[in-house]
Amino acid sequence: MTATVIDGKAFAARVRAQVAAHVARLRDEHGLVPGLAVVLVGEDPASQVYVRNKGTQTVEAGMQSFEHKLPADTSEADLLALIAELNADPAVHGILVQLPLPKHLDSDLAINAIDPAKDVDGFHISNVGLLGTGQKAMVPCTPLGCLMLLRDHHGSLAGLNAVVVGRSNIVGKPMAQLLLGDSCTVTIAHSRTKDLGAVCRGADILVAAVGRAEMITGDMVRPGATVIDVGINRVERNGKLRLVGDVDYASAAAVAGAITPVPGGVGPMTIACLLANTLTACCRAKGLPEPDGLTA
Ligand code: NDP
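Keep in mind that this is a model prediction, so the values were computed, not measured.

Trainee: Any chance you could explain the overall build of the protein chain here in plain terms?
Mentor: Within the protein chain, the secondary structure is distributed over 10 helices and 11 strands. Since a compact globule built from 296 residues should have a radius of gyration of about 19 Å, the 19 Å found for the protein chain is in line with a globular shape. Structurally, the protein chain occupies a C-alpha span of about 50 × 45 × 35 Å along its principal axes. Counting all 296 residues of the protein chain, 48% fall into the buried class. Long-range pairs, those at least 24 residues apart, make up 68% of the contacts in the protein chain with a sequence separation of at least 6. Placing the 25 positive and 29 negative side-chain charges of the protein chain at their respective mean positions leaves the two points 5 Å apart.

Right under this line is the structure:
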């Protein structure tokens, strides 16, 4: 079997177009422009690239982008003061504090200082609780993107066996909650799981969010399963730096029914979902109808 390739790049472009169309309607009909504020502390090169991409795509979708770059030695009090200012700013509908923060800053404190209604990363403890209890929440972008790809490929996910490898607060746990919300039978695997291969082979849907290059191999995949590879790992191959996922693509694609590539799978969905979440936050703040299909 050769797996169907789930094209996250194309899907993300459709999500961005849908967001842009809805934003244009908000502007025309309500004079409203959704705004996303991104806070970057320090000069981490990868974070600078992410923040630049987020800003560019926000503007391309017709929304306002507010970038706040703070020096690496910013005090906790100054960071919290900026978050309080953004919470109170009516032009800002979404706030994202780029992680990781420098070591002297408490990221939980910063995230939980964000107004939950503006928490477009979905990491605030209130949103974690709302998602966990099946209530309307702001949902973390990467798992939301995976869910959209899965719904698009399968239609209903009800009754399918889903295995999520990884239990981080950013990907693994919210992914499992979302799959449970769509009535999958969910198993969460992690570094202490016994016989990971056998657990993975039970999956109709296998989500890999481990952070270990190509560790999920074809012999761990049930024939016909859908494989979602969240991993982004930089490895050296033949003297060149390459991006690979947590799944060994060649062996897994030979067994799976469908698979996301790296790059071009889950990655592009993350910023697309950030834009979708900003639009959703704006609509909710104004009591306006939310866009279809862009939330959990
Ligand atoms: P974390 O490091 O926070 O979590 C990794 C998880 O994998 C942990 O729960 C860990 O288990 C588990 N794990 C580690 N080793 C093994 C093993 N040998 N067997 C089984 N489980 C294992 O990573 P994240 O969740 O933040 O990210 C995961 C991957 O997704 C990374 O490659 C990251 O770069 C990528 N990512 C991609 C995004 C995108 O936009 N596409 C966004 C966010 C992340 P334990 O808890 O027991 O330690």
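Next comes the rest of the account.
Trainee: Would you mind showing me how to read unusual backbone geometry here?
Mentor: The general pattern is negative phi for most residues beyond glycine and trans for most peptide bonds. Following Leu 99, the chain continues into Pro 100 via a peptide bond in cis, with omega recorded as 0 degrees. Locating Pro 100 in the fold gives a position in the loop between strand 4 (94–97) and helix 4 (107–113). Following Val 262, the chain continues into Pro 263 via a peptide bond in cis, with omega recorded as 0 degrees. Summarising the element assignment, Pro 263 is placed in the loop between strand 11 (258–259) and helix 10 (267–286). Phi at Ser 183 is positive, roughly 65 degrees, even though this residue is not glycine.

Trainee: Looking at this structure, I do not really get the sheet that holds strand 1 (residues 4–5). What am I missing?
Mentor: Spatial ordering of the open sheet is given by 1-11-8-7-5-6, a layout of 6 strands whose pairing is parallel. The open sheet has two edge strands with one neighbour each: strand 1 and strand 6 (185–189). Where strand 8 (residues 226–229) and strand 11 come together, 2 bridges link them in parallel fashion. Across the sheet, the residue bridging to Val 227 is Ile 259, located in strand 11. Seen against the sheet, helix 6 (residues 141–154) touches strand 1, strand 7 (205–208), strand 8 and strand 11 and runs at an angle of roughly 160 degrees to strand 8. Against the sheet, helix 7 (residues 172–181) touches strand 5 (161–165), strand 6 and strand 7, its axis set at about 170 degrees to strand 5.

Trainee: What is the right way to read the site of the ligand from this model?
Mentor: What surrounds the ligand is a group of 22 residues, the closest being Arg 167, Ser 168, Ser 191, Arg 212 and Thr 270. Between the ligand and Ser 168, the relevant distance is 2.5 Å, taken from an oxygen atom to a side-chain nitrogen or oxygen of the residue. In this structure, Val 230 approaches the ligand through a main-chain N or O atom, which is 3.5 Å from a nitrogen atom. Considering the ligand on its own, with 930 Å² of exposed area, one finds that the protein chains cover 70% of that surface. Its residues assigned to classes, the shell around the ligand comprises 9 nonpolar, 10 polar and 3 charged.

Trainee: Sorry, what's going on with the nonpolar core here?
Mentor: Note on soluble globular proteins: their nonpolar side chains tend to be buried together. Grouped together as the largest cluster of nonpolar side chains are 56 residues, with contacts concentrated most on Val 19 and Leu 179. Broken down by secondary-structure element, the contributors of at least two residues to this core are helix 1 (8–30), strand 2 (35–41), helix 6, strand 5, helix 7, strand 7 and helix 10. At 10 residues, helix 10 tops the list of elements feeding residues into this core. Contact partners of Val 19, with chain neighbours within four places excluded, come to Ala 61, Met 63, Leu 275, Ala 276, Leu 279 and Leu 294. In this structure, Leu 196, Ala 208, Ile 216 and Ala 256 belong to the second largest nonpolar core, which totals 19 residues.

Trainee: Is there a simple way to think about the packing of helix 2 (residues 45–60) against helix 10 in this case?
Mentor: How two helices sit against one another is set out by the angle between their axes and by the gap between those axes. Close contact between helix 2 and helix 10 brings their axes to 10 Å; oriented N to C, the two are set at 50 degrees. Taken together, the axes of helix 2 and helix 10 lie oblique to each other. Crossing hand, helix 2 versus helix 10: right-handed. Of the residues in helix 10, those touching helix 2 at Asn 53, Lys 54, Gln 57 and Thr 58 are Ile 271, Leu 274 and Leu 275. Here the contact of helix 2 with helix 10 is composed, by residue class, of 3 nonpolar, 3 polar and 1 charged.

About the cut-offs
Residues numbered from 1 in each chain as written. Predicted model: local features only at pLDDT ≥ 70, side-chain atom pairs only at ≥ 80, totals over all residues. Heavy atoms only, no water. Helix = DSSP H or I, 4+ residues; strand = E, 2+ residues; numbered from the N terminus. Rg over C-alpha atoms; globule rule 2.2 N^0.38 Å. Buried < 20%, exposed > 50% of the residue type's maximum accessible area, 1.4 Å probe, protein only. Contact = heavy atoms within 4.5 Å. Lys, Arg positive; Asp, Glu negative; His and termini not counted. Charge placed at Lys NZ, Arg CZ, Asp CG, Glu CD. Pairing = 2+ DSSP bridges. Axes fitted to C-alpha atoms, helices over the stretch in contact; angles between N-to-C directions. Near = heavy atom within 4 Å. Polar contact = N/O pair within 3.5 Å; in protein donor to acceptor, adjacent residues only side chain to side chain. Areas by Shrake-Rupley, 256 points an atom, 1.4 Å probe, with all protein chains shown as cover. Nonpolar A, V, L, I, M, F, W, Y, C, P; charged D, E, K, R; others polar. Core = buried A, V, L, I, M, F, W, Y, C linked by side-chain atoms within 4.5 Å. Parallel < 35°, antiparallel > 145°, perpendicular 65-115°, else oblique. Left-handed = near helix turned anticlockwise from the far one by under 90°.

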